[in-house]
Amino acid sequence: MQKINEISILSGKGGTGKTSLAAALATLQKNTVVADCDVDAANLYLILEPEDYRTEKYISGHKAVINYDICIQCGLCKEYCRFNAIERMTEPDYPKGKITIVETSCDGCWLCSRICSVNAIDMAPCDKSYWSTGNYQYGKMIHARLAPGEENSGKLVNVVREQARITAKESGAQNIIIDGPPGTGCAAIASITGADKVVVVTEPTGTGLHDMKRILELAGRFQVKKYVVINKSDLNPDMTDCIRSWCEKEDIPVIGNLPFDPRMVHAMVACKSITEWAPGSEISTVIKEIHRFLSRVQKT
Ligand code: SF4
Ligand code: SF4
């Protein structure tokens, strides 16, 4: 069976050009599957504009809900909640205060629902999050949206990745491009797990170097090939050299120096990748070289 090549595009922080690079790689080859794993702020679909959607709800957890027809206001649940998610709120009809769940603090641990002697607490599913799959011009895309305040972003990333693998097998796609979340949280970990390659996009600043090191350190705990792309590399050649030297010392190939090009932003505004918007530009040429390199490595 054909091996599917999973390439995770990551960055230590937001705004480094990670999604722009992912969009460009996603529009350079037909029959690609794209997994947007930035589930807290998915935006790659705005560029790729997938159609023919199928959307599924994602149950991110549960929240406690009190049935006041049954509750006897004993306060036992408040006593035992470790997350301080149960309060006595001032209410005219409740002289001692009304036992109330603070939804934003509830961790969904189920403890209160189990200890309530009159079974007055139900656990309601959090079902405002979803994942979607659709077709875009060059293949298929899976993306997701974690509703504000809901948790388990790592698990939702796993769902997106699993759907991407199923889709790639069904469509015979060789590549899955993963647009990972910025940072080093559980969603980033879930975006690295099981990937073949990680491409970290950074910028030539002190913060860029620091954040790049953190995400590469995280990726170093996994069996994955690591690469670096320096965006806006010409804006600070000294820092670009500094990043390159560090990567050389760590034996991590820098596979592209992208020049600053305001058309990156123009392309995003026009819902195009830079390689579609300005195919003859220097930046597009470098991205095509990166794409060729990643395809070559895939075959070796
Ligand atoms: S333990 Fe049950 S009955 Fe007691 S206050 Fe909590 S919800 Fe109400
Ligand atoms: S489910 Fe857990 S966190 Fe939520 S209110 Fe009950 S005891 Fe507290």
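Residues numbered from 1 in each chain as written. Chains lettered and ligands numbered in written order. Predicted model: local features only at pLDDT ≥ 70, side-chain atom pairs only at ≥ 80, totals over all residues.

**Let's talk about the overall build of the protein chain**
Along the backbone of the protein chain there are 11 helices and 13 strands. With the principal axes as the frame, the protein chain shows a C-alpha extent of 75 × 45 × 35 Å. Counting across all 300 residues of the protein chain, residues that qualify as buried make up 43%. Long-range pairs, those at least 24 residues apart, make up 75% of the contacts in the protein chain between residues at least 6 apart in sequence. (Helix = DSSP H or I, 4+ residues; strand = E, 2+ residues; numbered from the N terminus. Buried ≥ 20, exposed ≤ 12 C-beta atoms within 10 Å, placed from the backbone. Contact = placed C-beta atoms within 7 Å.)

**A word on the domain arrangement of the protein chain**
Accessible area lost during the coming together of the parts is what is often quoted as the interface size. Along its sequence, the protein chain is organised into domain 1 (5–56 + 128–299) and domain 2 (62–125). Between the C-alpha centres of domain 1 and domain 2 the distance comes to 43 Å. (Domains from an automatic or database assignment.)

**Details of helix 7 (residues 206–219)**
Side chains three or four residues apart in an α-helix point the same way, a direct result of the helix having 3.6 residues per turn. Spanning 14 residues, helix 7 covers 20 Å between terminal C-alpha atoms, matching the ideal 20 Å at 1.5 Å per step. When helix 7 is considered as a whole, its buried residues turn out to be G208, L209, D211, M212, I215, L216 and A219. Buried positions along helix 7 lie against strand 1 (5–11), helix 6 (186–192), strand 11 (197–202), strand 12 (225–230) and helix 8 (237–249). (Expected span 1.5 Å × (residues − 1).)

**Comments concerning the site of ligand 2**
As a structural note, the neighbourhood of ligand 2 is formed by 13 residues, with A64, C81, C106, C109 and C112 the closest of them. In the shell around ligand 2, the residues fall into 11 nonpolar, one polar and one charged. (Near = placed C-beta within 6 Å. Nonpolar A, V, L, I, M, F, W, Y, C, P; charged D, E, K, R; others polar.)

**What about the sheet that holds strand 11?**
The strand order across the open sheet formed by nine strands is 3-8-9-2-10-1-11-12-13, and the pairing between neighbours is mixed. One side of each edge strand has no neighbouring strand; the edge strands of this open sheet are strand 3 (51–58) and strand 13 (254–257). Across this sheet, the average inter-strand angle for adjacent strands is 20°, counted without regard to direction. In this fold helix 7 packs onto strand 1, strand 11 and strand 12, with an angle of close to 170° to the strand it touches most, strand 11. (Pairing = 2+ DSSP bridges. Axes fitted to C-alpha atoms, helices over the stretch in contact; angles between N-to-C directions.)

**Details of the environment of D179**
Position of D179 relative to the elements: it lies in strand 10 (residues 175–182). Judged by the 28 C-beta atoms lying within 10 Å of it, D179 is buried. For the pair D179 and I9, spaced 170 residues apart in sequence, the C-alpha separation works out to 5.2 Å.

**Points about the pairing of strand 13**
Judged from the three bridges that link them, strand 12 and strand 13 form a sheet pairing that is parallel. Following the sheet pairing, I230 is matched in strand 13 by N257. Crossover connection from strand 12 via helix 8 to parallel strand 13: handedness right-handed. (Right-handed = clockwise from strand over helix to strand, strands pointing away.)

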